[in-house]
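# Residue-level structural notes
The residues making up each chain are set out below.
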Amino acid sequence: MFSKPSPPPHPLPSRATLTLLLLMALSAPALATDWTLCPGISDPVPEGSTEPRYEAFFSPYTHHWSPDSEHQQVYAVSVSRLLPNDRYCGFSLFNNSFGQPSAYAFVGKSWPGIWQAQPKLYASLSAGIIYGYVGQYKNKVPLNVGGFSPVIIPAIGYRLSPRSTLEIQLLGTAAVMFGTTWRF
């Protein structure tokens, strides 16, 4: 008489889910070996060393390439652990372009003296995961899954002294962030 309705077809996974699964599969061999994102982070301080081990970053201003009435000023602070071979690992807290509290966990590498005529000029690149673009702003960053999104941030800076710099960070196609660092 009456036939039982068939169950709805399974929805296909989103592009972000597929990308995340692909990244996990590709990183599996590296994670299975003796590998760490922050090599040297637990190394003891050499006796008598006065070299800085941390770097703090503060950004009071971000310029958006395409201003939007919803944009708010972005302020950011971060602390990085300086590692051997000009590497670093860190964590940043910021309010995103839409006023949402956000965070960024990252690893990075610096290349000091990139231009022989300006030896105080350096380049750096950090990569990690941000959290904070949620709700109606979840599509403002690519590959956002539950508020988490992968990020790569290139930067160029000028060393004012052995402990301080001025730095410009390129935030994808959205903005450029201006800031300063202090090593301690």
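Refer to the structure printed above.
A brief report on the enclosed structure follows. (Residues numbered from 1 in each chain as written. Predicted model: local features only at pLDDT ≥ 70, side-chain atom pairs only at ≥ 80, totals over all residues. Heavy atoms only, no water.)

## Section: the pattern of salt bridges
Considering all chains together, one arrives at one salt bridge under this definition. A salt bridge links Arg 183 to Glu 55; the shortest N-O distance between them is 2.9 Å. One end of the pair, Arg 183, is in strand S8 (residues 175-183); the other, Glu 55, is in strand S1 (residues 54-64), with 128 residues separating them in the sequence. For Arg 183, a relative accessible area of 21% gives the class partly exposed. (Salt bridge = Lys/Arg side-chain N within 4 Å of Asp/Glu carboxyl O. Helix = DSSP H or I, 4+ residues; strand = E, 2+ residues; numbered from the N terminus. Buried < 20%, exposed > 50% of the residue type's maximum accessible area, 1.4 Å probe, protein only.)

## Digging into the sheet that holds strand S5 (residues 121-131)
Overall, antiparallel pairing links the eight strands, which are arranged S1-S2-S3-S4-S5-S6-S7-S8 in a closed barrel. Direction aside, neighbouring strands of the sheet carry axes that sit 25 degrees apart on average. The pairing of S1 with strand S2 (residues 76-83) spans six bridges and is antiparallel. By the bridge assignment, Glu 55 is partnered in S2 with Ser 80. (Pairing = 2+ DSSP bridges. Axes fitted to C-alpha atoms, helices over the stretch in contact; angles between N-to-C directions.)

## Considerations on the state of the cysteines
Throughout the structure, instances matching the rule amount to one disulfide. In this model Cys 38 forms its disulfide with Cys 89; the gap between the sulfur atoms is 1.8 Å. Its S-S torsion of approximately -120 degrees makes the covalent link between Cys 38 and Cys 89 left-handed. A residue pair is termed long-range when its members are at least 10 positions apart, and Cys 38 in the loop between helix H1 (15-32) and S1 and Cys 89 in strand S3 (residues 87-95) qualify at 51 residues. (Disulfide = S-S within 2.5 Å.)

## Some words on the nonpolar core
Among the nonpolar cores identified, the biggest contains 16 residues, and Phe 94, Tyr 104, Ile 130, Tyr 133, Val 151 and Met 177 are the most heavily contacted of them. Those elements that provide at least two residues to this core are S2, S3, strand S4 (101-112) and strand S6 (148-159). If sequence neighbours within four positions are ignored, Tyr 104 has contacts with Gly 90, Phe 91, Ser 92, Phe 94, Ser 126, Ala 127, Gly 128, Ile 129, Ile 130, Val 151 and Ile 153. (Core = buried A, V, L, I, M, F, W, Y, C linked by side-chain atoms within 4.5 Å. Contact = heavy atoms within 4.5 Å.)

## Overview of unusual backbone geometry
Positive phi, close to 60 degrees, is recorded for Asn 85, a residue that is not glycine. Within the element layout of this structure, Asn 85 appears in the loop between S2 and S3. With relative accessibility at 62%, the residue Asn 85 sits in the exposed group.

## A word on the pairing of S6
Burial along S6 is one-sided: the face carrying Ser 149, Val 151, Ile 153, Ala 155, Gly 157 and Arg 159 is buried and the face carrying Phe 148, Pro 150, Ile 152, Pro 154, Ile 156 and Tyr 158 is not. Examined bridge by bridge, S5 and S6 share eleven bridges and lie antiparallel to one another. Bridge pairing in S6 links Ser 124 to Ala 155. One ladder, built from five bridges, connects S6 with strand S7 (residues 164-171); its direction is antiparallel. Following the sheet pairing, Ile 156 is matched in S7 by Ile 168.

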